[in-house]
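# Summary of the model geometry
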Amino acid sequence: MLRSPRAYDDDAAVSDEQPSDTGPAGTRRVAPLSPVRALHALWLEVIAGPDVGRHVIAEVDEISIGTERANDLVLTDSSVSRHHVAIAVGRRGARIRDLGSTNGTRIDGVEIAEAMLRPGQRIELGHTTFAVKAHGVVQQPLASDDHFADLLGESSAMRRVFALLPKLAAADTTLLLTGETGCGKSLLARALHRASARREGPFVIIDCGAIAPGLIESELFGHVKGAFTGATSDRPGALRAARGGTVLLEEVGELPLDLQPRLLRALEEREVTPVGSNQPVALDVRIIAATHRDLRTRVNTGDFRADLYYRLCVLTLRIPALRERRADIPLLVDSFHRELTGSPAPPDLIATFAARDWPGNVRELRAAVERAHVMGEPDAPPEAPPADDAEETVEFRVAKERIVARWEVEYLTQLMARHRGNLSQAAREARLDRNYLRELLTKRGLAPQRS
């Protein structure tokens, strides 16, 4: 299975990056990019439990351990969850993450949710115990270019992704894109479509998290006239409208549980039955699904069907967050500034933005560059959450989503105000699909117009 690289570098300086002078001079590199990067790998061996003697190597690609067949190491221990832990190795070492398992994960007897691993430690999953052993290095191939279509990146994290994209574009297999909100999943999906044999066909986006639950079935599979109140004509649905092309199912993790069997059936049988009809229609599309959630955790909790997850993750690619590719911030700032103004970004703007954290990832960075252009100077860093949010005990993901939601409301409000409510003009400026922008406005409680 093709998987994406998994990096955990969250500092601005990354030792394996090539020197760059991106900025006013317009020069992107002063040294050729290395085609490979040496990375540490970790050897894990089962020393107690039903599967004694089995082992797995954790490299830069994330590996998973559990009892379901989709894992990299499949255990027979019934006290181990279907998807129990994920382990990845970055420049700073190996990181283990519990995937919401039933019986928990312990390191040297201490229960953890996420932790760094060291040689000599013991990992306990149910009745199974692993020993952590060092295992040398592996060579990770990197793309020689700092771009793929509209995607930019000089960092090793992105160039590992770029090295995989030609293979993914050539495949016609279902692909699952994972990564945080704003990291560029839809942009990458569109780039893959344009590089594929289906490039002449349509590219259709359906945001499963932005459509009213009662309309998702019709949006995906279509309906016939009279199927329900308001169905005044036939509607093909996204999977049929994209015939010969690609469908991007954004936020597929939000798909209601009762609709997941229908999507699974469509993927398995390559046909759909419109709402209100008994006649199946053959499909000719490639499915790319995207989500910011860890679907393995949702499988464990029963919120996502295991069989649908296995059908979606035939190929899996994780897109790194901006904090994992901070070396790309100067390149991105300069590119966005040139796009808006036709001139290179000022050094002080690059320096200011390179020093900030970007919880909204590339999407937030681009909006900040645009605001700096309109206002004439960089805006202040985002304010801390209100006191009630700060004092409330919430998960990191929940707290971050609240901040991103506030930012999206502010960005969309200003965007629509600049274009006086004209949806088409706003979509062109934001480089978003028009229907997706309408759905995003609805999701954030902003009244979209149909102009």
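Residues numbered from 1 in each chain as written. Predicted model: local features only at pLDDT ≥ 70, side-chain atom pairs only at ≥ 80, totals over all residues. Heavy atoms only, no water.

## A few points about the overall build of the chain
The number of helices and strands found in the chain is 14 helices and 20 strands. Counting every position in the chain, which comprises 451 residues, the buried fraction comes to 51%. Approximately 20000 Å² of the chain is accessible, and the part contributed by carbon and sulfur atoms is 51%. (Helix = DSSP H or I, 4+ residues; strand = E, 2+ residues; numbered from the N terminus. Buried < 20%, exposed > 50% of the residue type's maximum accessible area, 1.4 Å probe, protein only. Areas by Shrake-Rupley, 256 points an atom, 1.4 Å probe, with all protein chains shown as cover.)

## Quick look at the packing of aromatic side chains
Scanning the entire structure with this criterion turns up 3 aromatic pairs. Note on F353 and W358: the rings are 5.3 Å apart at their centroids and 85° apart in plane angle, and the pair reads as edge-to-face. Assigned by exposure class, F353 and W358 land together as buried. The ring centre of F221 lies 4.3 Å from the NZ or CZ of R262, which sits over that ring. Over the face of the ring belonging to F336 we find R366, whose NZ or CZ atom lies 5.7 Å from the ring centre. (Phe/Tyr/Trp six-rings, centres within 6.5 Å; stacked < 30°, edge-to-face > 60°. Lys NZ or Arg CZ within 6 Å of the ring centre and 35° of its normal.)

## A few points about the pattern of salt bridges
If the charged atoms of two oppositely charged side chains come close together, the side chains can form a pair. Considering all chains together, one arrives at 25 salt bridges under this definition. Salt-bridge contacts for D294 lead to R97; the nearest nitrogen and oxygen are separated by 2.9 Å. One end of the pair, D294, is in the loop between β19 (286-291) and α6 (295-301); the other, R97, is in strand β6 (residues 93-98), and 197 residues separate them in sequence. Between R338 and D334 there is a salt bridge, and its shortest N-O distance comes to 2.6 Å. With a gap of 4 residues between them, R338 and D334 both fall in helix α8 (residues 329-341), about one helical turn apart. Relative accessible area serves as the criterion here: at 31%, R338 is assigned to the partly exposed category. (Salt bridge = Lys/Arg side-chain N within 4 Å of Asp/Glu carboxyl O.)

## Topic: helix α9 (residues 347-354)
Here α9 has its buried residues at L349, I350 and F353. Down the axis of α9, the sector holding all buried residues measures 100°, keeping them to one side. Within α9, the exposed residues directed more than 90 degrees away from the buried face are P347 and D348. Along its buried surface, α9 packs onto α8 and α10 (361-375). (Arc of directions from axis to C-beta. Contact = heavy atoms within 4.5 Å.)

## A few points about the nonpolar core
With 39 residues, the main nonpolar core has L165, L188 and L317 as its most contacted residues. Residues L176, V252, L259 and A266 belong to the second largest nonpolar core, which totals 35 residues. (Core = buried A, V, L, I, M, F, W, Y, C linked by side-chain atoms within 4.5 Å.)

## What to know about the pairing of β19
Within β19, 6 of the 6 residues are buried, leaving the element largely enclosed by the surrounding structure. Here β19 shows two buried faces, one formed by R286, I288 and A290 and the other by I287, A289 and T291. Relative to β19, strand β14 (residues 175-178) is paired through 4 bridges, and the arrangement is parallel. When the sheet's bridge partners are listed, L175 is paired in β19 with I288. In terms of strand pairing, strand β16 (residues 246-250) meets β19 through 4 bridges, oriented parallel. In the sheet register, T246 faces β19, and the bridge partner there is R286. (Pairing = 2+ DSSP bridges.)

## A closer look at the sheet that holds β14
In space, the 5 strands of this open sheet follow the order β15-β16-β19-β14-β20, with parallel pairing throughout. Each end of this open sheet is capped by a strand with a single partner; those strands are β15 (203-207) and β20 (315-318). Each neighbouring strand pair of the sheet contributes to a mean axis angle of 20°, computed without reference to strand direction. (Axes fitted to C-alpha atoms, helices over the stretch in contact; angles between N-to-C directions.)

## Observations concerning unusual backbone geometry
Peptide bonds are mostly trans, and most non-glycine residues show a negative phi. Phi at D108 is positive, roughly 50°, even though this residue is not glycine. Looking at the secondary structure, you find D108 in the loop between β7 (105-107) and β8 (110-112). Relative accessible area serves as the criterion here: at 47%, D108 is assigned to the partly exposed category. Look at R270: it is not a glycine, yet its phi comes out positive at around 55°. Following the sequence through the fold, R270 ends up in the loop between α5 (260-269) and β17 (271-272).

## Focus: the confidence of the model for the chain
Averaged over every residue, the pLDDT of the chain is 81; the share at 70 or more is 83%. Note that residues 1-31 has pLDDT below 50 and, in this model, 103 contacts with residues that lie over four places away or in other chains. Segment residues 387-391 is flagged for pLDDT under 50; beyond a separation of four residues in sequence, or across chains, it makes 2 contacts in the model. (pLDDT = per-residue confidence, 0-100.)

## Details of the environment of G184
Assignment of secondary structure puts G184 in the loop between β14 and α2 (185-194). Remark: the alpha-carbon pair of G184 and A321, spanning 137 residues in sequence, is separated by 9.1 Å.

## Remarks on the packing of helix α13 (residues 423-430) against helix α14 (residues 434-443)
It is the contact of α13 with α14, at a shortest axis distance of 9 Å, that shows an interaxial angle of 100°. In terms of their interaxial angle, α13 and α14 are classed as roughly perpendicular. From α13, L423, S424, A426 and A427 reach across to α14, where they touch R434, L437, R438 and L441. (Parallel < 35°, antiparallel > 145°, perpendicular 65-115°, else oblique.)

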